[in-house]
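Notes for the structure review
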Amino acid sequence: MTQIDTTIRSIHAREILDSRGNPTVEAEVTLACGAMGRAASPSGASTGVHEALELRDGVIGRYNGKGVQRPVSLINGEIRDALTGLDAGGQQAVDEALIRLDGTANKENLGANSTLAVSMAVARAAAAAAGRRLWEYLGDPTEPLLPVPAMNILNGGVHANWQGPDFQEYMIAPYGAPTFAEALRWGAEIYHALKTLLKEKGYSTGVGDEGGFAPAVSSNTEPLDLIVAAIERAGYRPGQEIGIALDPASSSFYTDGAYELRTEGLTLDAAGMVDRYRELADTYPIVSIEDGLAEDDWDGWKLLNDAIGDRVELVGDDLFVTNVNRIERGIREGTANAVLIKPNQIGTVTETIAAVRLAHKNSWGAMVSHRSGETVDTFIADFTVAMRTGHLKAGAPARGERVEKYNQLLRIEEEAGNAARYAGRKGFIR
Ligand SMILES: C=C(OP(=O)(O)O)C(=O)O
Ligand SMILES: [Mg+2]
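Predicted model, so just to flag it, every value in this text is computed and none were measured.

**Some words on the overall build of the protein**
Regarding its fold elements, the protein presents twelve helices and 16 strands. A compact globule built from 430 residues would reach a C-alpha radius of gyration of about 22 Å, and the protein, at 21 Å, matches this within 12%. Expressed along its principal axes, the backbone C-alpha trace of the protein runs to roughly 60 × 50 × 45 Å. When burial is assessed residue by residue, the protein has 61% of its 430 residues classed as buried. In the protein, 71% of the contacts between residues at least 6 apart in sequence involve partners at least 24 apart.

This is the structure:
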């Protein structure tokens, strides 16, 4: 049998638009055997200061400085030159070449948007050459684990232009469903029930960046009451069948030791925020809180983990930025019990896998995540199944760039057939 030649023959990048109408980078990698992989980098709005650099042109004029001509020409130049001739089947070696070429800890020379698009496209091309689906190629095809979708049905913070609550994301997690397909259906039904409820109450049903509604509520708890009512109206049991996950994204309302809850006219310190979260966890079926404290408030995080870490998943996003060095510190100091996994925070598939593995090795949760600025790229859906993370967040069960991830998971569940398992409540480890 002739060996399939997976040598990288050509790499091409172009500028495309993301879901916010901002330019982003798409890369195509073609192999000697003719197989091709295409992938696009997403982009955050509430980005952590410790994330790897997202390289943009910075010149006012073209897309108001948000252009990506530089990353595009880096891929079509230096990156193509360095990677051409390497074996796409060796993902780690290809990613190491990217890391070496960049030469900084934070992808400051090439930009994580450049490296990630290429890294993901390499994996796709290699999977295509091997005649395997991406989730099979990236993981163990005999153990596909379909994640609980944490669906963001009510948007606040910067994702709603500060018109809604201070907390950025209110998500529903249908862990009681028997399959992923059912979980998605339940979520969509609750989304529609919430829309009806909002209309009845005279709220706007306009949506934020991730497709959730963005009503001008008067507190950060009102969305929780609305969501519990929507769950019940759709015929499901809050707590038993559907959990609630929060991402306050608190770095965005934190300055110098003070958390400013503008909606409620209240300023709290870390201990005040911890009391608040404890109360919320006592009152509502909250299974997960992401970025409850700010990105460098390690002491505040520890307080929170000591207070409710035994019963609520506490996920570090801006705190850990998918970076093994920061995750290691978190594990050492006991500041959280889970990590959010965003591939573009670190910039290669291999480094993203390392972050998931480190979390799992320490019995921490790993929740894979989209960005608020997305494309229809579905890499994270396959990645979640392959890494068996048990949960992922990809926005509302509405809007093309969000549902495309969920729709891909429907395809995967079907492809996996009898081998498919739905993570259910175990998707949230606590
Ligand atoms: C998805 C998120 O938002 P962004 O992409 O804007 O960082 C988040 O904070 O988890
Ligand atoms: Mg977050």
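**A look at the pattern of salt bridges**
Under the definition given, this model contains 32 salt bridges. Residue Arg399 is joined to Glu401 by a salt bridge in which the shortest nitrogen-to-oxygen separation is 3.0 Å. Residue classification places Arg399 among the partly exposed positions, given a relative accessible area of 31%. Among the charged side chains, a salt-bridge network with shared partners connects Arg14, Glu26, Glu28 and Arg38.

**Observations concerning the sheet that holds strand β9 (residues 258–261)**
Pairing is antiparallel in the open sheet, where three strands are placed in the order β8-β9-β10. Looking at strand neighbours, the two that pair on one side only are β8 (254–255) and β10 (266–268), the edges of this open sheet. In the sheet, β9 pairs with β10 via three bridges, with the strands oriented antiparallel. Bridge pairing links Glu260 to Thr267 in β10.

**Section: the coordination of the magnesium ion (ligand 2)**
The magnesium ion (ligand 2) binds to the protein through Asp247 (OD), Glu290 (OE) and Asp317 (OD); the donor distances cover 2.0 to 2.2 Å. Counting along the primary sequence, the residues that act as donors to the magnesium ion (ligand 2) give the motif D-x42-E-x26-D. Taken as a pair, Glu290 in strand β11 (residues 286–290) and Asp317 in the loop between β12 (313–316) and α9 (324–333) lie far apart in primary sequence, 27 residues in all. With relative accessibility at 1%, the residue Glu290 sits in the buried group. Look at Asp317 and you get buried, because its relative accessible area is 2%.

**A word on the sheet that holds β11**
Within the closed barrel, the eight strands sit side by side as β5-β6-β7-β11-β12-β13-β14-β15. Their pairing is mixed. Taking the axes of each pair of neighbouring strands and ignoring which way they run, one obtains an average angle of 30° across the sheet.

**Considering the site of ligand 1**
Taken together, 16 residues form the shell around ligand 1, and within it Ala45, His159, Arg371, Ser372 and Lys393 come nearest. A distance of 3.1 Å separates an oxygen atom of ligand 1 from a polar atom in the side chain of Asp247. Against a free-state accessible area of 290 Å², the protein chains account for coverage of 100% of ligand 1. Residue composition of the shell around ligand 1, grouped by class: two nonpolar, six polar and eight charged.

**Examining helix α5 (residues 180–200)**
Across its 21 residues, α5 extends 30 Å between first and last C-alpha, which sits within 8% of the 30 Å expected from 1.5 Å per residue. Considered for burial, the residues of α5 that qualify are Phe180, Ala183, Leu184, Trp186, Gly187, Ile190, Tyr191, Ala193, Leu194, Leu197 and Leu198. Where α5 is buried, its residues contact β4 (145–146), β5 (148–155), β6 (169–173), α6 (222–233), α12 (400–416) and β16 (421–422). Of the residues flanking the end of α5, it is Gly202, one or two places downstream, whose phi is positive at about 80°.

**Remarks on empty space enclosed by the protein**
One pass over the structure, following the stated rule, counts two cavities of 30 Å³ or more. As for the largest cavity, its lining consists of 14 residues, and the residues nearest its centre are Pro42, Met120, Glu374, Asp377 and Ile380. Counting only elements with at least two residues in the lining of the largest cavity, the list comes to α3 (112–129) and α11 (379–387). Counted by class, the lining of the largest cavity contains seven nonpolar, four polar and three charged residues. Taken together, 16 residues line the second largest cavity, and the ones lying closest to its centre are His159, Gln168, Glu169, Glu210 and Lys342. In terms of residue class, the lining of the second largest cavity is made up of one nonpolar, seven polar and eight charged.

**Regarding the UniProt feature "binding site: Mg(2+)" (unreviewed entry) in the protein**
When the UniProt feature table is mapped to this numbering, "binding site: Mg(2+)" (unreviewed entry) covers Asp247, Glu290 and Asp317. The greatest C-alpha distance among the annotated residues, which extend across 71 residues, is 9.2 Å, indicating that they converge on a single site. Considering only the annotated residues already named, the ones lining the second largest cavity are Asp247, Glu290 and Asp317. Along the chain, Asp247 falls in strand β7 (residues 243–247). Asp247 has contacts with Phe167, Gln168, Glu169, Met171, Glu290, Asp291, Asp317 and Lys393, leaving out every residue within four places of it along the chain. In contact with Asp317, other than residues within four places in its own chain, are Asp247, Glu290, Asp291, Leu340, Lys342 and Gln345.

**Quick word on the environment of Lys302**
You can see Lys302 is positioned in helix α8 (residues 298–308). Residue class for Lys302 comes out partly exposed when judged on its relative accessible area of 32%. In sequence terms Lys302 and Gln168 are 134 residues apart; their C-alpha atoms lie 22 Å from each other. In this structure Lys302 touches Glu333, Gly334 and Thr335, once residues within four positions along its chain are discounted.

Rules of the game
Residues numbered from 1 in each chain as written. Chains lettered and ligands numbered in written order. Predicted model: local features only at pLDDT ≥ 70, side-chain atom pairs only at ≥ 80, totals over all residues. Heavy atoms only, no water. Helix = DSSP H or I, 4+ residues; strand = E, 2+ residues; numbered from the N terminus. Rg over C-alpha atoms; globule rule 2.2 N^0.38 Å. Buried < 20%, exposed > 50% of the residue type's maximum accessible area, 1.4 Å probe, protein only. Contact = heavy atoms within 4.5 Å. Salt bridge = Lys/Arg side-chain N within 4 Å of Asp/Glu carboxyl O. Pairing = 2+ DSSP bridges. Donors = N, O, S within 2.8 Å, 3.2 Å for Na, K, Ca; no water. Axes fitted to C-alpha atoms, helices over the stretch in contact; angles between N-to-C directions. Near = heavy atom within 4 Å. Polar contact = N/O pair within 3.5 Å; in protein donor to acceptor, adjacent residues only side chain to side chain. Areas by Shrake-Rupley, 256 points an atom, 1.4 Å probe, with all protein chains shown as cover. Nonpolar A, V, L, I, M, F, W, Y, C, P; charged D, E, K, R; others polar. Expected span 1.5 Å × (residues − 1). 1 Å grid on protein atoms, 1.4 Å probe; cavity = no way out; pocket = protein on both sides within 12 Å on 5 of 7 lines; lining within 4 Å. Points joined across faces, edges and corners; volume = space filled by probe spheres on them. UniProt positions renumbered as here; feature names shortened; annotations may be inferred.

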